[in-house]
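This is what each chain is made of:
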Protein chains: 4
Amino acid sequence: MAGNVIGTLFRFTSFGESHGSHIGGVVDGCPSNMVLDMDKIADDLSRRRPKARFSTSRVEEDRLHFLSGLYEGKTLGTPIAFIIENASQHSADYEWLRDCYRPSHADYTYQMKYGVRDHRGGGRASARETAARVVAGSIAKQIIEPYGMTVEAYTSQIGDIVLANHYTSLDLSKRDANELYCPDADVAGRMMNLLGEVQKDGDTVGGVVTCVIKGCPIGLGEPVFDRLQAALAAAMMSIPSAKGFDYGFGFGMAAMRGSRCLDVLDADFSFRSNHSGGIQGGIANGEDIFFRVAFKPIASLAMEVPLTAVDGTMMTKKIGGRHDVCQVPRAVPVVEAMAAMVLADMLLMAR
Amino acid sequence: MAGNVIGTLFRFTSFGESHGSHIGGVVDGCPSNMVLDMDKIADDLSRRRPKARFSTSRVEEDRLHFLSGLYEGKTLGTPIAFIIENASQHSADYEWLRDCYRPSHADYTYQMKYGVRDHRGGGRASARETAARVVAGSIAKQIIEPYGMTVEAYTSQIGDIVLANHYTSLDLSKRDANELYCPDADVAGRMMNLLGEVQKDGDTVGGVVTCVIKGCPIGLGEPVFDRLQAALAAAMMSIPSAKGFDYGFGFGMAAMRGSRCLDVLDADFSFRSNHSGGIQGGIANGEDIFFRVAFKPIASLAMEVPLTAVDGTMMTKKIGGRHDVCQVPRAVPVVEAMAAMVLADMLLMAR
Amino acid sequence: MAGNVIGTLFRFTSFGESHGSHIGGVVDGCPSNMVLDMDKIADDLSRRRPKARFSTSRVEEDRLHFLSGLYEGKTLGTPIAFIIENASQHSADYEWLRDCYRPSHADYTYQMKYGVRDHRGGGRASARETAARVVAGSIAKQIIEPYGMTVEAYTSQIGDIVLANHYTSLDLSKRDANELYCPDADVAGRMMNLLGEVQKDGDTVGGVVTCVIKGCPIGLGEPVFDRLQAALAAAMMSIPSAKGFDYGFGFGMAAMRGSRCLDVLDADFSFRSNHSGGIQGGIANGEDIFFRVAFKPIASLAMEVPLTAVDGTMMTKKIGGRHDVCQVPRAVPVVEAMAAMVLADMLLMAR
Amino acid sequence: MAGNVIGTLFRFTSFGESHGSHIGGVVDGCPSNMVLDMDKIADDLSRRRPKARFSTSRVEEDRLHFLSGLYEGKTLGTPIAFIIENASQHSADYEWLRDCYRPSHADYTYQMKYGVRDHRGGGRASARETAARVVAGSIAKQIIEPYGMTVEAYTSQIGDIVLANHYTSLDLSKRDANELYCPDADVAGRMMNLLGEVQKDGDTVGGVVTCVIKGCPIGLGEPVFDRLQAALAAAMMSIPSAKGFDYGFGFGMAAMRGSRCLDVLDADFSFRSNHSGGIQGGIANGEDIFFRVAFKPIASLAMEVPLTAVDGTMMTKKIGGRHDVCQVPRAVPVVEAMAAMVLADMLLMAR
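Residues numbered from 1 in each chain as written. Chains lettered and ligands numbered in written order. Predicted model: local features only at pLDDT ≥ 70, side-chain atom pairs only at ≥ 80, totals over all residues. Heavy atoms only, no water.

A. Local environment of the overall build of chain A. Looking only at helices and strands, one finds six helices and 17 strands in chain A. For 351 residues, the compact-globule estimate of 2.2 N^0.38 gives 20 Å, and chain A sits close to it at 21 Å. In chain A, which comprises 351 residues, the share counted as buried stands at 68%. Counting contacts in chain A only where the partners sit at least 6 residues apart, residues at least 24 apart contribute 72% of the total. Of the roughly 10,500 Å² that chain A leaves accessible, carbon and sulfur atoms contribute 49%. Between the centroid of the 36 positive side chains of chain A and the centroid of its 41 negative side chains there is a distance of 2 Å. (Helix = DSSP H or I, 4+ residues; strand = E, 2+ residues; numbered from the N terminus. Rg over C-alpha atoms; globule rule 2.2 N^0.38 Å. Buried < 20%, exposed > 50% of the residue type's maximum accessible area, 1.4 Å probe, protein only. Contact = heavy atoms within 4.5 Å. Areas by Shrake-Rupley, 256 points an atom, 1.4 Å probe, with all protein chains shown as cover. Lys, Arg positive; Asp, Glu negative; His and termini not counted. Charge placed at Lys NZ, Arg CZ, Asp CG, Glu CD.)

B. Looking closely at the sheet that holds strand 8 (residues 100-101) of chain C. Residues and elements named next belong to chain C. Within the open sheet, the three strands sit side by side as 8-16-17. Their pairing is antiparallel. Either end of the sheet is taken by a strand with one partner, and the two such strands are strand 8 and strand 17 (314-318). In this sheet, strand 16 (residues 304-309) lies alongside strand 8 in antiparallel orientation, the contact comprising two bridges. Bridge pairing in strand 16 links Cys100 to Ala309. (Pairing = 2+ DSSP bridges.)

C. Fine view of the relation of the copies chain D and chain A. With an RMSD of 0.0 Å, the operation that places chain D on chain A is a rotation of 180° combined with a shift of 0.0 Å along the axis. With respect to symmetry, the two chain copies, as superposed, fit the operation of a two-fold axis. Among all residues of chain D, the minimum C-alpha distance to the rotation axis is found for Thr13 of chain D, at 3.8 Å. Here 98% of the contact residues of chain D are again contact residues in chain A; the copies associate through an equivalent surface. (Least-squares fit on C-alpha atoms with pLDDT ≥ 70 in both.)

D. Up close: the interface of chain D and chain A. Taken together, the 44 residues of chain D in the interface contact 43 residues of chain A. At the boundary of chain D and chain A, one finds two salt bridges. Between Arg98 of chain A and Glu72 of chain D there is a salt bridge, with the nearest N and O atoms lying 2.8 Å from each other. One can count 15 residue pairs in polar contact (both at pLDDT 80 or more) joining chain D with chain A. Within the residue set of the side of chain D that touches chain A, elements represented by two or more residues are strand 2 (11-15), strand 3 (22-28), strand 5 (70-71), strand 7 (80-85) and helix 2 (107-114) of chain D. (Salt bridge = Lys/Arg side-chain N within 4 Å of Asp/Glu carboxyl O. Polar contact = N/O pair within 3.5 Å; in protein donor to acceptor, adjacent residues only side chain to side chain.)

E. Expanded view of the sheet that holds strand 3 (residues 22-28) of chain C. Residue and element names in this part refer to chain C. Here five strands make up an open sheet; going across it, the order is 1-2-3-7-4 and the pairing antiparallel. With one partner strand each, in any of the chains shown, strand 1 (5-6) and strand 4 (64-66) form the two edges of the open sheet. As paired strands, strand 3 and strand 7 (residues 80-85) are joined by six bridges and run antiparallel to one another. Considered in strand 7, the bridge of Gly24 is made with Ile83. Here helix 3 (residues 130-144) sits on the sheet and contacts strand 2 (11-15), strand 3, strand 4 and strand 7; the angle it forms with strand 7, its principal contact strand, is near 145°. (Axes fitted to C-alpha atoms, helices over the stretch in contact; angles between N-to-C directions.)

F. Main features of the interface of chain D and chain C. Each side of the interface is counted separately: chain D has 104 residues, and chain C has 104 residues. Note on chain D versus chain C: buried area summed over both sides is about 8,000 Å², and carbon and sulfur give 64% of it. For the pair chain D and chain C, the interface holds four salt bridges. One salt bridge connects Glu222 of chain C with Lys113 of chain D, and the closest N-O pair in it is separated by 3.7 Å. (Buried area = accessible area lost by both parts, 1.4 Å probe.)

G. Looking closely at helix 1 (residues 38-48) of chain B. All names here are of chain B. Taken together, the buried positions of helix 1 are Ile41, Asp44, Leu45, Arg47 and Arg48. Projected down its long axis, helix 1 carries its buried residues within an arc of 160°, all on one side. Contacts from the buried residues of helix 1 go to strand 4 (64-66), helix 3 (130-144) and helix 6 (328-350). The N-terminus of helix 1 is capped by Asp37, whose side-chain oxygen sits 2.9 Å from the backbone nitrogen of Asp39. (Arc of directions from axis to C-beta.)

H. Highlighting the packing of helix 1 (residues 38-48) of chain D against helix 6 (residues 328-350) of chain D. All names here are of chain D. Where helix 1 contacts helix 6, the axes come no closer than 7 Å and their chain directions differ by 140°. Looking at the two axes, helix 1 sits oblique to helix 6. Residue-level contacts link Asp44, Arg47 and Arg48 of helix 1 to Arg330, Val332, Pro333, Val334 and Glu336 of helix 6. For the contact of helix 1 with helix 6, the class distribution of residues is three nonpolar, no polar and five charged. (Parallel < 35°, antiparallel > 145°, perpendicular 65-115°, else oblique. Nonpolar A, V, L, I, M, F, W, Y, C, P; charged D, E, K, R; others polar.)

I. Quick look at the pairing of strand 3 (residues 22-28) of chain A. Residues and elements named next belong to chain A. Within strand 3, seven of the seven residues are buried, which leaves it mostly tucked inside the rest of the structure. Sheet topology note: the strand 2 (residues 11-15)/strand 3 ladder contains five bridges and is antiparallel. Opposite Thr13, over in strand 3, you have Val26 as the bridge partner. As consecutive antiparallel partners, strand 2 and strand 3 are separated by six residues, and within that stretch Gly16 has a phi angle of approximately 115°, a positive value.

J. Here's a closer look at the environment of Arg49 of chain A. Residues and elements named next belong to chain A. Its location among the elements puts Arg49 in the loop between helix 1 (38-48) and strand 4 (64-66). What makes Arg49 partly exposed here is its relative accessible area of 24%. Residues Arg49 and Ala344 lie 295 residues apart in sequence; the distance between their C-alpha atoms is 24 Å.

K. Expanded view of the pattern of salt bridges. Residues and elements named next belong to chain A. By the definition in use, this model includes 86 salt bridges over all chains. Between Arg120 and Asp118 there is a salt bridge; the shortest N-O distance is 2.8 Å. Residue Glu336 is joined to Arg175 by a salt bridge in which the shortest nitrogen-to-oxygen separation is 2.5 Å. Linking Glu336 in helix 6 (residues 328-350) with Arg175 in the loop between strand 10 (161-162) and helix 4 (185-200), this pair joins segments that are 161 residues apart in sequence. For the pair shown, Glu336 and Arg175 are each scored as buried.

L. Representation of the packing of aromatic side chains. Residues and elements named next belong to chain B. Tallied over the full model, the rule gives 46 aromatic pairs over all chains. Where Phe66 meets Phe82, the ring centres are 6.0 Å apart and the plane angle is 55°; that geometry is what we call tilted. Of this pair, Phe66 sits in strand 4 while Phe82 sits in strand 7 (residues 80-85), and the two are 16 residues apart along the sequence. Residue class for Phe66 comes out partly exposed when judged on its relative accessible area of 21%. (Phe/Tyr/Trp six-rings, centres within 6.5 Å; stacked < 30°, edge-to-face > 60°.)

M. Here's a closer look at the nonpolar core. Phe291 of chain A, Phe291 of chain B, Phe291 of chain C together with Phe291 of chain D are the most contacted members of the largest nonpolar core, which totals 353 residues. Residues in contact with Phe291 of chain D, not counting those within four places in the same chain, are Val209, Thr210, Cys211, Ile213, Leu232, Met236, Phe245, Asp246, Tyr247, Val335 and Ala339 of chain D. (Core = buried A, V, L, I, M, F, W, Y, C linked by side-chain atoms within 4.5 Å.)

N. View of the state of the cysteines. Under the defined criterion, the tally for this structure stands at zero disulfides over all chains. Here Cys182 of chain A is not cross-linked by a disulfide; its sulfur's nearest cysteine counterpart is in Cys326 of chain A, at 12 Å. You can call Cys182 of chain A buried: its relative accessible area is 0%. Free cysteine: Cys216 of chain D, not disulfide-bonded; nearest cysteine sulfur from Cys211 of chain D at 12 Å. (Disulfide = S-S within 2.5 Å.)

O. Looking closely at the relation of the copies chain D and chain C. It takes a turn of 180° to lay chain D on chain C, together with a shift of 0.0 Å along the axis; the resulting RMSD is 0.0 Å. With an isologous cut-off of 70% or more, the 100% of interface residues of chain D that recur at the interface of chain C puts this contact in the isologous class.

P. Here's a closer look at unusual backbone geometry. All names here are of chain D. You will see that Asn33, though not glycine, has its phi angle at about 70°, which is positive. Inspection of the secondary structure assignment puts Asn33 in the loop between strand 3 and helix 1. Among the residues examined, Asn33 registers a relative accessible area of 33% and is labelled partly exposed. Not every positive phi belongs to a glycine, and Tyr181 is a case in point at roughly 55°.

Q. Looking closely at the side chain of Glu129 of chain B. Considering the arrangement of structural elements, one finds Glu129 of chain B in the loop between helix 2 (107-114) and helix 3. On the accessibility criterion, Glu129 of chain B (2% relative accessible area) is buried. Setting aside residues up to four positions removed in sequence, Glu129 of chain B forms contacts with Val224 and Arg227 of chain A together with Ser14, Ile23, Arg124 and Pro240 of chain B.

R. Focus on the environment of Gln142 of chain D. Residue and element names in this part refer to chain D. Tracing the chain through its elements places Gln142 in helix 3 (residues 130-144). By relative accessible area, which is 8% here, Gln142 ends up buried. Taking C-alpha positions, Gln142 is 21 Å from Gln229, a pair spaced 87 residues apart along the chain. Each residue touching Gln142, except ones within four places of it in the same chain, is listed here: Met34, Val35, Leu36, Asp37, Lys40 and Ile41. A distance of 2.7 Å separates a polar side-chain atom of Gln142 from the backbone nitrogen of Asp37.

S. Highlighting the side chain of Thr204 of chain A. Of note, Thr204 of chain A is situated in the loop between helix 4 and strand 11 (207-214). A relative accessible area of 1% places Thr204 of chain A in the buried class. At 2.6 Å, the side chain of Thr204 of chain A forms a polar contact with the backbone oxygen of Ile298 of chain A. Residue contacts for Thr204 of chain A: discarding those within four places in its chain leaves Val198, Pro297, Ile298, Ser300, Leu301, Asp324 and Val325 of chain A together with Met256, Arg257 and Gly258 of chain B.

As structure tokens, this is what we get:
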């Protein structure tokens, strides 16, 4: 329970600091005899990679190596270990951070908890580790897809620009047409404009990712403490900078009356509506599962900010390094990866 | 992983159907040599109990018996098992449900998953099981309180009546002055009026519980997958009818700029602000932890609703039984219980 | 990890002190829609119950009550909680133990670990808790039997009287013909004589239980750390007084040459021999699984023994109470129960 | 629960096939701020490495690389990932195995369980993976040593040559004077002679490793299912080829009378004897913990053996490859590693 292992039957162990030699992970519990599609893994990694305009200039080539668990292209049922080189770290840029706590970062909490930390680029607390999640999640997707499940996430809010339409009225396939992974071109355009302004100000901005799971078999999930929504919430809230999670009509249901959001099961055993978001009593009911994850703005600004030295001295500094204006588009494949891991775990338990 | 066990070192196993002979639980991992304050447990249970006006008329006396783990008033360090009798079930009221799925209930998903269910009063899916959580949570509170931690929740929204003030501007001790556990008398009054209308309409309404954890030791929590917020989110989303969770400035941070929500560590190592909600990198930073849990309206209405027989026949029926107009005030001690269990578990791991 | 929960998908939580009001347990993960055969559970409990001649005179009626998880005779897939009353405790007999540590008991280690203990009858450390294991194990047997698996244990050694024949040359059905559960009448007779002598001396004696699992599906088990033999060993070594475990030709294989114990897979994919004991690489190979569990003699003697007061004063006392001359026959159903729980858990994982 | 993760707070994930590019592991839960002594790790690895005379001729250089969790020589409290290259695999030697099951190997069970296997050198079932255990165990030793705990194992039997003396009458420091890790030079000499004969015959032979844990704090361990001996038994029985485990006077106690093996606590709270092997009720009592692990002879013989083709055809073949005559001396550091991991996990839970 030191925090770096997730899952019961599909179990993923993550490791690595931002500026160590490698990050990586081990997937234990992947079914055997699967032909892993390496292109899909590369695609998912590529979607997480920094995009030119509003992202860190760190070149994350993400050279991925598999060390075990595969033989002649097939999974063996044994642990799949993989590593990704941390190229292009520019660790020297962070030397001044050794004795300094940045605002709204984990520098201080890690130092207090562990009495030591790798200050370079955030160390273990860096979102760099999410690259390993994407690899594991991409494997998980390949487990659940043959059961008819798909996981698709998209950017539904950046700052105050909100894609208000319900996902059912969107063409999600248009998501990849822009680098923000927002399926509405017009909204995406306005988001781009906002990001331009924010970047000019040396600032950052938050946002929301919406995720849709289709084809989830009726009965997936567990009651009481391991409700499907509880597992999804934990997985999402484990993503760096995530501040909120809701599913179905979510926070909006707090203001609703019961008579307005009953999901009636029809004579053909489909549901007339889906306010519930595809889960009842913690268990999938066969409808789409959809949820939102809110992200705070990144705390690494391209402007002068107050800093606290380990001896309590206050100072002001413009933090260098290479940072995103908004990480939300890059969180899209991470949200998908975490959802896929939860579903793969639940599927293996339910089989 | 069948869903009825939560926690690693503080491990709670819950059992019982709504209309079985008993519900109850087993707490494994409670430290030894503690004098359990039974009055506090009774108080917490009493807060969860139905209140006259807007609640089920089921008399839940909650006669609690401890079966093990205590000797001469002290905890032995061995499992603490307890049971609560299910008195006053009126199971016959539910006979018609045997062959029928109610809208937005777990009837259908349980039947699909298990091929069998106890249809009486919702069986295992009934919120009746949360009484056992309250007992375990009350024990957990007694573990964390000597470390200076307190957990206080309150009703912050019912329907469209929102207690908008930040908790820091409220006197939480006023919470118990009304049966809604809302610390603002005026807002509570408006909530009461709303509930009266809703009840008159035979309808139900949702709401939000806000929870504040004070005194959490710096360093509590784990990084990456077991972030404190991930554990809290899972615990909250495991509560029946919970639809959303956020912490700190939560969903509101999606619209913020980074420069507006930096939490700067001051020269005296306190924070100047607390947009983060007391957690950074998954680890407590010493500030208050606060979060919200959104609840949907209860699906058991006192009006005619469409029902689906197991053979697909549709019908309309006014569901009898005894139900709350709004369960949110009764969820307040459940939210506290779940938070206390998460904290006790993290505390035992960190010690 | 406070020690009272075992299993992953078939998860059993045990509770209760010897002289508390009840012992009991919760089985989480039992498949739904099974008709539990209560007579089989009663039979298993009855085999564990003290027998007239060489056993404690404590009347353990084992009145068993199920509190949840069953409806109209069928398992619901929800937690099955049960309790057994601790009747006839005679707790006053143990009052002198409050300030005293008996030799080779857990009195001292419990006191040191917990700073408190229920001294009456050994408290949680009493073998009384194994009654709850037998109930859970009996449920587990009913899970695995439809898959063709059977678990049969018998007494194969008491003191220096050894039933040397390999189980394949025994008629295990004769086991129940004597109260020692030894399938060879002649050997059982000699064991009885030995027990008579030992009892006359006010002494106790150890022994060995052998267990045979038939019908284990090929492929059950997991590699590396969760090898089937590792899970079985842990389960067996968790039984009070167990001192050793081996499987297949066990300790005897240490002295063997490899050429003498090769298990060759024949053209029809059965094995020509079974030195391995039905497991290779941690995974069942379809042959019988057999293992031994060694038990030390009970430390509660009917003679004067040295005792240590909590202040260090030494004294000598004839411990009263009601104790077995040899617990090994009563351990037979406990060994079966633990094996069945391991197999049920592995089966649910493998499905 | 796919078998490749062990431990709760000290959690080790192992990966790698014998002839894949690397084996390795991830240690999650190692306390922070420890200076890892790399020489000790190298020493432990070196003890596991094949010795000239009676071992495989595979040159296992065990080039060890740490990928994460360390910074400037100190542990960060984050996952410690490491890899060991699989140099010198000679995989072509095993090509004939692709369609063939060797007797008493895991070839058949892996094929049946997974439907695919890496046949080269035993794949995941090869004892090659124990090198990763030794690294993790060596880290675990460095966690427990500051608490005064030491773990020392030695070869106590090879074939019928038994080192009969109790460990208390041996000078364990003499263990390293011979390549069999047997602390009695005379017995070691006779073991060497036996190995010479066995080798000449192209055969293999089994043996026993005895392990002694000193300085275990009173109170370490958990009751009921997580008894210290249960955790040790599981850890030991997870080692390839292990067939038996006992502790204290072990199987010998089955033949004893209770009056002969009482461990009396003396007025100074030390024990007069230690038949119990340092554990009572699953919890350490402050005395030495000692146990034995029995190993079967390796099944890879340097002689003609019957083999079974996947289509059922029988054949006879002299298996090539490079194999030990007796793996028992090489198991000595593996036994220590597994014991150290169990103790580190229990220690972190007890803190």
